[in-house]
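Coordinates in review
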Amino acid sequence: MKGLIIEKAKTLKEKPDMTKLGFGKYFTDHMFIMDYNANEGWHNKRIVPFGPITIHPASTVLHYGAEIFEGMKAYKTNDGYSLFRPYENAKRFNNSAERMCLPQVDEELFVEAVKELINVDYSWIPTSVGSSLYIRPFMFGNDETLGVHSVKNSTFIIILSPVGSYYAEGLNPVKIIIENTDVRAVRGGTGYAKCGGNYAASMRAGERAEKKGFTQVLWLDGVERKYIEEVGAMNVMFLIGDEVVTPSLTGSVLPGITRKSCLELLKDKGYKVSERLLSVDELIDAVESGKLLEAWGTGTAAVVSPIGQLTYKDKDHIVSNNKIGSLTQELYDELTGIQWGTREDKYNWCVKVKV
Ligand code: PLP
Ligand code: COI
């Protein structure tokens, strides 16, 4: 990358036990940073030792939450690593940036920066079953003023974290409670953008659910509290009879890359797939009449996560006998197979990088 300065860490960290990683607990030795202002554009591109950054107390992000991020993964291959659909992340990052009045990052620059950093911290890509290197690019507004205006200065950073399973349950079915008080996002708001504020707004419901023994919540739409939107921080899909139903992208739902990939795989396998509004009443009727055969969440972190129980208004509904359904398993196997390079990538989703 033109103008990139690499400052290597003087001492390298001791690596954690790569078979007990969990999610987002460990970070590699370096991080990528660059700065933006309107005159210079993106400049001061650097890879530096991982560590704290200093920030002005009036910085926009600390007061008005101007922050967006992405989540993607690298998988070790025989001679390097592969990235799963990284240009989709770059595109979504720019859609999020547009919504939050943050500057655009050229897609090539975004992907190049990821590669440059992974090349330096390559030895951190785990090889144990089910693990990968989680990549977290993020950007924040960094004007040193309390005025509420679109920002003129931004900072872009990439950090890397070797990860195993996202949920403690792993691939076991999770218990989900349907949330009918808080909402995650509203149409016209920022739901389709991957901005920090959406996650801050979701934590209260998540915490309430956890205290009651659930793994996460199923979100309903913010206008009528009627239509299903997402599950926790994942998209959601249901096999109802012979139809796979997933909520349409109405503006409040994050357009997941795993969601998009699952829909493409399912259509190719000949499934009837509908992106449509699905009301909570229709969903509960489908469970009670036995038509709901499987339910699962989709997202980069967990890939596919089966739902074994849906609780609505204090009534528990067991899904798929609280076991992973065969279609859910098939999707998990196919996607992770493509990602790990053990199944044919006929869609050319993986970008292979030699090291
Ligand atoms: N929905 C939300 C709110 C998310 O944070 C994520 C995670 O990135 C997803 C859905 C799934 O998106 P993807 O499949 O691109 O990881
Ligand atoms: C996902 O990758 O599915 C996520 O939701 C990641 C989360 C930590 C924001």
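As a convention, each chain's residues are numbered from 1 in the sequence order in which they are written. Both sets of labels track the order of writing: A upward for chains, 1 upward for ligands. The model is predicted, so local features are restricted to residues of pLDDT at least 70 and side-chain atom pairs to those at 80 or more, both for listing and for counting; the totals for chains, interfaces and linings are taken over all residues. To obtain the side-chain values, all non-hydrogen atoms of the structure were used and water was disregarded.

This next bit is on the pairing of strand 12 (residues 235–240). To sort residues, take the accessible area from a 1.4 Å probe on protein chains only and compare it with the maximum for the residue type: under 20% means buried, over 50% means exposed, and anything in between is partly exposed. Segments assigned H or I by DSSP are reported as helices when at least four residues long, segments assigned E as strands when at least two residues long, and all are numbered from the N terminus. Counting buried residues in strand 12 gives six out of six residues, a clear majority hidden from the surface. Here strand 12 shows a buried face lined by Asn-235, Met-237 and Leu-239 and a second buried face lined by Val-236, Phe-238 and Ile-240. Where strand 12 lies against strand 15 (residues 292–299), six bridges are found, and the strand directions are antiparallel. Paired with Ile-240 across the two strands is Leu-292, which belongs to strand 15. Of the pairings in the sheet, the one linking strand 12 to strand 13 (residues 243–247) comprises three bridges and is antiparallel in character. Each residue of the ladder has a partner; that of Phe-238, found in strand 13, is Val-245. Here, strands pair whenever DSSP counts at least two bridges between them. Turn length for the strand 12-strand 13 hairpin, with the two strands adjacent in sequence and antiparallel, is two residues, and the turn residue Gly-241 shows positive phi of about 60°.

To continue, consider the pattern of salt bridges. Every case where a carboxyl oxygen of Asp or Glu lies within 4 Å of a side-chain nitrogen of Lys or Arg is listed as a salt bridge. Applying the stated criterion to the full structure yields 22 salt bridges. Taking the shortest distance from any N to any O, the salt bridge between Lys-115 and Glu-112 comes out at 3.9 Å. You can see Lys-115 and its partner Glu-112 sitting in helix 3 (residues 107–120), three residues apart, about one turn around the helix. Residue classification places Lys-115 among the buried residues on the basis of a relative accessible area of 17%. On the basis of relative accessibility, which here comes to 30%, the residue Glu-112 falls in the partly exposed class. Linking Asp-221 and Arg-187 is a salt bridge whose minimum nitrogen-to-oxygen distance equals 3.7 Å. Note that Asp-221 is positioned in the loop between strand 10 (216–220) and strand 11 (228–231) and Arg-187 in the loop between strand 9 (174–179) and helix 4 (196–211), a separation of 34 residues in sequence. Looking at Asp-221, the relative accessible area reads 1%, which means it is buried. Salt bridges linked by common partners bring Glu-179, Asp-182, Arg-204 and Arg-208 together as one network.

All right, on to the site of ligand 1 then. Nearness is judged by heavy atoms alone; a residue qualifies as near a molecule or strand once a single heavy atom is within 4 Å of it. Near ligand 1 you find 15 residues, and of these Lys-194, Tyr-199, Glu-230, Thr-258 and Thr-300 are the closest. Side-chain atoms alone can form a polar contact between residues adjacent in sequence; in general such a contact is a pair of N or O atoms within 3.5 Å, and within protein one must be able to donate a hydrogen while the other accepts it. Measuring from an oxygen atom of ligand 1, one finds a side-chain N or O atom of Tyr-199 at 2.5 Å. A distance of 2.6 Å is found between an oxygen atom of ligand 1 and a side-chain nitrogen or oxygen belonging to Thr-258. Using a 1.4 Å probe, the Shrake-Rupley method yields the accessible areas, and only the shown protein chains count as cover for residues. Computed on the free molecule, ligand 1 has an accessible area of 380 Å², of which 96% lies beneath the protein chains in the complex. Among the secondary structure elements, those contributing two or more residues to the shell around ligand 1 are helix 5 (257–268) and strand 15. For the shell around ligand 1, the per-class residue count stands at five nonpolar, six polar and four charged. Three classes are used: nonpolar for Ala, Val, Leu, Ile, Met, Phe, Trp, Tyr, Cys and Pro, charged for Asp, Glu, Lys and Arg, and polar for all others, with Gly counted as polar.

Annotation of the chain at the domain level lists domain 1 (5–163) and domain 2 (174–339). The split of the chain into domains comes from an automatic or database domain assignment. Taking only C-alpha atoms into account, the centre of domain 1 sits 27 Å from that of domain 2. Working rule for contacts: check all heavy atoms of both residues, and any pair within 4.5 Å makes them a contact. The interface is formed by 21 residues belonging to domain 1 together with 22 residues belonging to domain 2. By convention, the term buried area covers the 1.4 Å-probe accessible surface removed from two parts as they join, with the contributions of both added. Interface of domain 1 and domain 2: buried area, both sides summed, is about 1,800 Å²; carbon and sulfur atoms make up 57% of it. Contact with domain 2 buries surface across domain 1, with Phe-84, Arg-92 and Arg-99 losing the most and accounting together for 35% of the total. Linking domain 1 with domain 2 are two salt bridges, by the criterion used here. As a salt-bridge pair, Glu-264 and Arg-85 come within 3.4 Å of each other at their nearest N and O atoms. Every element with two or more residues in the side of domain 1 that touches domain 2 is listed here: strand 4 (67–69), strand 5 (72–77), strand 6 (80–84) and helix 2 (86–99). It is helix 2 that contributes the most residues to the side of domain 1 that touches domain 2, seven residues altogether.

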